[in-house]
Amino acid sequence: MKRIIAFMFLWAILCSEKVSAQFTLPSDTTTYWIQNQQGVMIPIKRNPDSTIVKGQLLIRFRQGALDYDKLMSPYLVYYDIGPRAHHKGNQILSFPELPHDDTSHRGFPDSLRFRLLTEHFYFDSSNNIITDSTLRNFFISSGGFFLRRLTTASPVDTLSITRRGDTLGCDHYNWMLLNYDTTVNALLLCAALKLNFPHDILMALPDRNGTKFFKHPGDNLKFYDSCEVNLKRMINAEKAWDFEVGNPSIILAHFDQGVDYRHPDLGAGIGPSKHVLYGHQFYVSSTGSIDPINMNQGHGTPCIGIMGALTNRNATSIAGIAGGWGVLPSDSPGSQDLGMGCSLAILASGATGYKSAYIAAVFESASRSASTFYGTGVNVINTSASIANDGYSEPDLHGAINYAFENGVIQCGAMGEINYNENAKPVSFPAEYEQSWVIGVGGSRFEDAHPLDKKTKAQWSNYGFTMGLLAPSGDTQFGCTIAGPGLNYSTINSQSPTILDPLNEIHNPIYTYGSFAGTSASAPNVAGSAGLILSWFTRPYSGQHVALEPEDVYGIIKASASMSLAQTAWDTSNGWGHLDIGQAFKMLDPDSTKAAGRYVLYHYSFSNWLDSSAWTTDSTVWFFNKACSPVTQGNHRLEKYQNRTYLLNDLGRTAQESKYFAKVRSISKTISLDSIWDVKSTTPLFAWGRSGSLGEKSGWDFSQFNFQSGYSRVNDGTGGDTLNEGIYHSQNTTFTVVTAQYDVWAWDTTTHAYTDHIGHVPPDSMLGVNFSVFGKLQSSRSDVNQIQPSQKEELVVFVNSDRELVVDYTAPAWNIRSSIEIYDILGRLVVTYPNSTKVLGRNRFSTFTNLNSGTYVCRINNGTFTKSKSFQIVR
């Protein structure tokens, strides 16, 4: 009866013509509380300027709620595949495989992409895709007009193959945008959908127009020697360029209103083999039109120019951080070609700031399907904007950021500028999300203008407990800002069209350089630097043989950051200090004669002999659904998928059923490192926790908003605080790594209490800790391959100098023959070695291999036992 009364109440409000179509947050700043890793509650402030978009909702449907035959139809028609695959109800049995991707194309062809994103699924016509007639009628009665796709994903894209060899559930095809009557209250419509259709709808949230692109206050024009001081004197880029200028296989993406890719410093074009590899527009109007990428864009163009404008184009151009040379440096005879620079990608949102456009951009750019053209597989996403002011309570945005992190994407976010008219500092998302997911970048002062405050926070830069580090942002008070495509204090601007021949009205665009400042300029400095680090780890001569995870890139950047004399550790104003990519490459220098060089990165993983604390008292916990995890309808339960376990949640019927009753305990491991490390005051050791790649067990974090991502923390490092992991380590090479495990009860609809015991999550059999060590090797160690973990890993894979593939692993049963499968970077099966298991326990398999240089994934599989690990071959 209560449910019927609630439904009638909501229905009456929804259908009332007097309901306001726009909801504005209260004028007073509202305080939210988040829980840090130690369980301490910390307040955050929400800005009151985020408004709901009229007539548009984001809806994530549950598996089977949509007609996948109709969703697949445009793909099959476009590729002329023929009859659709056989279905049993809404269960996908098999679909014809769409054409495979290749290295020269990113994403679906534009003609198909436009068709997919502009297709309207009307509820009262033949292309209705809602399988439940009751839900269909509700959409019609509550003012719904049509649904359209959020992304171009198809039901074939059930898996996303990550670059680190992992697989994630990919249900992007279940995300839709609902177009509805603007007189209907958005919040109440969302509540009614979740209340009455919990078996069809997993998430219903308003779209918001809260995006604020941070402005640049400068107007001075200077060039490299006089004003591009970010590169020369503030981040020490010239030293980094001695080692790396960017690898085209590394893709740096920038989200903005648009970018003028016609600028010569960006390669004067777009497409395969171009410096700007691709550009996609992610805003689709309610009428179904997709605008072209905005060219006259004075914000996106300088941002992406800082990241990767062509560095060595000519004497009057601007240098980007990862823009590349493309020719052999004259002062390095005989050295290897340093490369053409990182590739660039444009994620455009048009003139709007809709949250839905950003979520779509993150989903598509972070994905890379091994079976279709879906996804573009970028390595870095920079966002010099605030997408939301209340990101912690928006699981759609939070989930998209987590999805990119799970795919191994580096994410940089601008902290923004302080509005002194407000009582509290503004909150900027995604910069304010978890530091293992996104690195928040603040703005620094110009060192020559402030000799007493070298590389410290500019007065107007935002700050806070999620501050990662500082980077150059310009300082207009002292007459120097960032200009044109590639500088920080000078960067490219959009075109200034002039008439070349007035009689014939032939327009000749003249591309200019201008000033640019703000944290919008700071974040691209870090994104471009991340591109250099990622590129370096692909080089066979780098001495590095580890597949980087996002935490590793952030850790190297933090470990090499320079601090002012007054700063000795992380703080809220300056983070870990000031970006110094030159210092990072001084540390990565493989030359053993260099005093500060020969730092190597190594991954450790442990899952045996773990210590556990006592369970905490019961508490109510909200576990967010994985944004794209496999979805199972029915009761709460654990869903094991590959080597990850997800807790499915939020059936959506009541507030109680959206949460769990849980106890939590810490899981820890104390490790004494090998004697290979040379640790002293002049060459400190650094260590940080990481999520872990496929085949590495992990616990979860202690977050109140738990996305069930892998999590570990080096607990006794120094230099951080309760929210920021201390990465400096003492000289005794012994430390403790911690993670968390939950004991969970779900709401039982019969007893009306939290009595449905789920069990331990993650399960005891899947617990482990993962961490990275970044340090200098003993001089007697000639090769990083000599590093061995303190404890035998469950799977070790490498190729030795004799081209012998060696796989060392533990088999749980001798009578079940394990096969060894090798996959390439796109997840395609390359070779299988069947029946490789010889004995119960430790096995060693070896064979000659002629695989080319590159990154591969080795998977041991016998049906009940699966282990995977990435490895590299360097010829």
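Residues numbered from 1 in each chain as written. Predicted model: local features only at pLDDT ≥ 70, side-chain atom pairs only at ≥ 80, totals over all residues. Heavy atoms only, no water.

### Observations regarding the overall build of the protein
Thought 1: Each helix and strand counted, the protein has 14 helices and 42 strands in total.
Thought 2: A buried classification covers 61% of the 875 residues belonging to the protein.
Thought 3: Partitioning the contacts of the protein with sequence separation of at least 6, the portion at a separation of at least 24 is 75%.
Thought 4: Carbon and sulfur atoms provide 52% of the accessible area of the protein, an area that totals close to 32100 Å². (Helix = DSSP H or I, 4+ residues; strand = E, 2+ residues; numbered from the N terminus. Buried < 20%, exposed > 50% of the residue type's maximum accessible area, 1.4 Å probe, protein only. Contact = heavy atoms within 4.5 Å. Areas by Shrake-Rupley, 256 points an atom, 1.4 Å probe, with all protein chains shown as cover.)

### A few points about helix H10 (residues 355–366)
Thought 1: Here H10 contains 12 residues, and its C-alpha end-to-end distance of 16 Å stays within 8% of the 16 Å for a straight helix at 1.5 Å per residue.
Thought 2: Here H10 lies mainly inside the structure; 12 of its 12 residues are buried. (Expected span 1.5 Å × (residues − 1).)

### Examining the packing of aromatic side chains
Thought 1: One pass over the structure, following the stated rule, counts 29 aromatic pairs.
Thought 2: Three or more aromatic residues joined by ring pairs make a cluster, and in this case those are Trp576, Tyr599, Phe686, Trp688, Tyr728 and Phe774.
Thought 3: Above the ring of Phe282, the side-chain terminus of Arg113 is found at 4.9 Å from the ring centroid.
Thought 4: The ring of Tyr823 carries Arg859 above its face, with NZ or CZ at 5.2 Å from the centroid. (Phe/Tyr/Trp six-rings, centres within 6.5 Å; stacked < 30°, edge-to-face > 60°. Lys NZ or Arg CZ within 6 Å of the ring centre and 35° of its normal.)

### Describing the pattern of salt bridges
Thought 1: In this structure the tally under the stated criterion is 12 salt bridges.
Thought 2: Across the pair Arg539 and Glu244 runs a salt bridge, and its minimum N-O distance is 2.9 Å. Here the residue Arg539 occupies a position in the loop between helix H12 (519–536) and helix H13 (550–559), and Glu244 occupies one in the loop between helix H8 (237–241) and strand S13 (251–256), the gap between them amounting to 295 residues. You'll find Arg539 and Glu244 in the same group, each marked buried. (Salt bridge = Lys/Arg side-chain N within 4 Å of Asp/Glu carboxyl O.)

### Some thoughts on the packing of helix H2 (residues 68–78) against helix H3 (residues 110–118)
Thought 1: Close contact between H2 and H3 brings their axes to 10 Å; oriented N to C, the two are set at 160°. By the angle between their directions, the pair H2 and H3 is classed as roughly antiparallel. Note that H2 runs across H3; the crossing there is right-handed. Seen from H2, the contacting residues are Pro74, Tyr75, Val77 and Tyr78; seen from H3, they are Ser111, Leu112, Arg115 and Leu116.
Thought 2: Partitioned by chemical class, the residues of the contact of H2 with H3 number six nonpolar, one polar and one charged. (Axes fitted to C-alpha atoms, helices over the stretch in contact; angles between N-to-C directions. Parallel < 35°, antiparallel > 145°, perpendicular 65-115°, else oblique. Left-handed = near helix turned anticlockwise from the far one by under 90°. Nonpolar A, V, L, I, M, F, W, Y, C, P; charged D, E, K, R; others polar.)

### Considering the packing of H10 against helix H11 (residues 395–406)
Thought 1: The geometry of H10 relative to H11 is characterised by a closest axis approach of 9 Å and an angle of 20° between their N-to-C directions. Between H10 and H11, the crossing angle belongs to the class labelled roughly parallel. Between H10 and H11 lies a crossing of left-handed hand. Contacts between H10 and H11 involve Lys355, Tyr358, Ile359, Val362, Phe363 and Ala366 on the former and, on the latter, Asp396, Leu397, Ala400, Ile401, Tyr403 and Ala404.
Thought 2: Here the contact of H10 with H11 is composed, by residue class, of 10 nonpolar, no polar and two charged.

### A word on the side chain of Gln281
Thought 1: The residue Gln281 is located in strand S14 (residues 276–281) in this model.
Thought 2: The exposure class of Gln281 is buried, given its relative accessible area of 4%.
Thought 3: A polar atom in the side chain of Gln281 sits 3.1 Å from the backbone nitrogen of Gly350.
Thought 4: When near neighbours in sequence (up to four residues on either side) are disregarded, Gln281 contacts Arg113, Ile290, Asp291, Pro292, Ile293, Ala348, Ser349 and Gly350. (Polar contact = N/O pair within 3.5 Å; in protein donor to acceptor, adjacent residues only side chain to side chain.)

### A word on the nonpolar core
Thought 1: With 67 residues, the main nonpolar core has Val526, Phe585 and Phe774 as its most contacted residues.
Thought 2: Setting aside chain neighbours within four positions, we find Phe585 in contact with Ala240, Phe243, Glu244, Leu532, Ile533 and Trp536.
Thought 3: Listed in part, the 58 residues of the second largest apolar core include Phe108, Ala385, Phe429 and Phe707. (Core = buried A, V, L, I, M, F, W, Y, C linked by side-chain atoms within 4.5 Å.)

### Focus on the pairing of strand S15 (residues 343–348)
Thought 1: Along S15, six of the six residues are buried, which leaves the element largely enclosed by surrounding structure.
Thought 2: Of the two faces of S15, the one carrying Ser343, Ala345 and Leu347 and the one carrying Leu344, Ile346 and Ala348 are both buried.
Thought 3: Pairing between S13 and S15: six bridges, direction parallel. Paired with His254 across the two strands is Ile346, which belongs to S15.
Thought 4: In this sheet, S15 lies alongside S14 in parallel orientation, the contact comprising five bridges. Counterpart to Gln281 in the pairing with S15 is Ala348. (Pairing = 2+ DSSP bridges.)

### Let's talk about unusual backbone geometry
Thought 1: Put simply, Phe429 and Pro430 share a cis peptide bond, and its omega is 20°.
Thought 2: With respect to the helices, strands and loops of the structure, Pro430 is situated in the loop between strand S18 (410–414) and strand S19 (439–444).
Thought 3: Across the junction of Val761 and Pro762, the peptide omega takes the value -10°, indicating a cis bond.
Thought 4: Even without being a glycine, His752 presents a positive backbone phi close to 55°.

### A closer look at the confidence of the model for the protein
Thought 1: Chain-level statistics for the protein give a pLDDT mean of 76 and a share of 70% at 70 or above.
Thought 2: Considering only residues more than four positions removed or in separate chains, one finds that residues 44–49, a stretch of pLDDT under 50, has 30 contacts. (pLDDT = per-residue confidence, 0-100.)

### Considering the side chain of Glu244
Thought 1: Take Glu244: its relative accessible area is 0%, and that puts it in the buried class.
Thought 2: A distance of 2.8 Å separates a polar atom in the side chain of Glu244 from the backbone nitrogen of Gly246.

### Considerations on the environment of Ser819
Thought 1: Structurally, the position occupied by Ser819 is in strand S38 (residues 819–823).
Thought 2: Accessibility expressed as a relative area gives 14% for Ser819, which makes it buried.
Thought 3: Separated by 42 residues in sequence, Ser819 and Asn861 have C-alpha atoms that sit 5.5 Å apart.

### Observations concerning the environment of Lys663
Thought 1: Considering the arrangement of structural elements, one finds Lys663 in strand S28 (residues 660–672).
Thought 2: Relative accessible area serves as the criterion here: at 26%, Lys663 is assigned to the partly exposed category.
Thought 3: Expressed as a C-alpha distance, the spacing of Lys663 and Trp615, which sit 48 residues apart in the sequence, is 5.8 Å.
Thought 4: When sequence neighbours within four positions are dropped, the list of residues in contact with Lys663 reads Trp615, Thr616, Thr617, Asp618, Gln741, Tyr742, Asp743 and Trp745.

### Thoughts on the sheet that holds strand S23 (residues 599–606)
Thought 1: Taken in spatial order, the four strands line up as S23-S35-S29-S32 in an open sheet, and their pairing is antiparallel. Edge positions in the sheet fall to S23 and strand S32 (728–729), since each of these pairs with one other strand and no more.
Thought 2: Sheet analysis places strand S29 (residues 685–689) next to strand S35 (residues 769–776), joined by four bridges and oriented antiparallel. Residue pairing across strands places Ala687 opposite Val773, the latter belonging to S35.
Thought 3: Across the sheet, H13 lies against S23, S29 and S35, angled at about 145° from S29, the strand it touches most.

### A short note on the sheet that holds S18
Thought 1: The parallel open sheet is built from seven strands, whose spatial order is S14-S15-S13-S16-S18-S19-S20. On the outer flanks of this sheet lie S14 and strand S20 (467–472), each paired with one strand and no other. On average, each strand axis in the sheet is tilted by 25° relative to the strand beside it, whichever way the strands run.
Thought 2: The pairing of strand S16 (residues 380–383) with S18 spans four bridges and is parallel. Within S18, the position partnered with Thr383 by the bridge is Gly413.

### Notes on the environment of Gly582
Thought 1: Within the secondary structure, Gly582 is located in helix H14 (residues 581–588).
Thought 2: For the pair Gly582 and Asp242, spaced 340 residues apart in sequence, the C-alpha to C-alpha distance is 9.0 Å.

### Side note on H13
Thought 1: For H13, a buried count of 10 out of 10 residues is recorded, marking the element as mostly surrounded by other parts of the structure.
Thought 2: Taken as a whole, H13 has its buried residues at Pro550, Glu551, Asp552, Val553, Tyr554, Gly555, Ile556, Ile557, Lys558 and Ala559.

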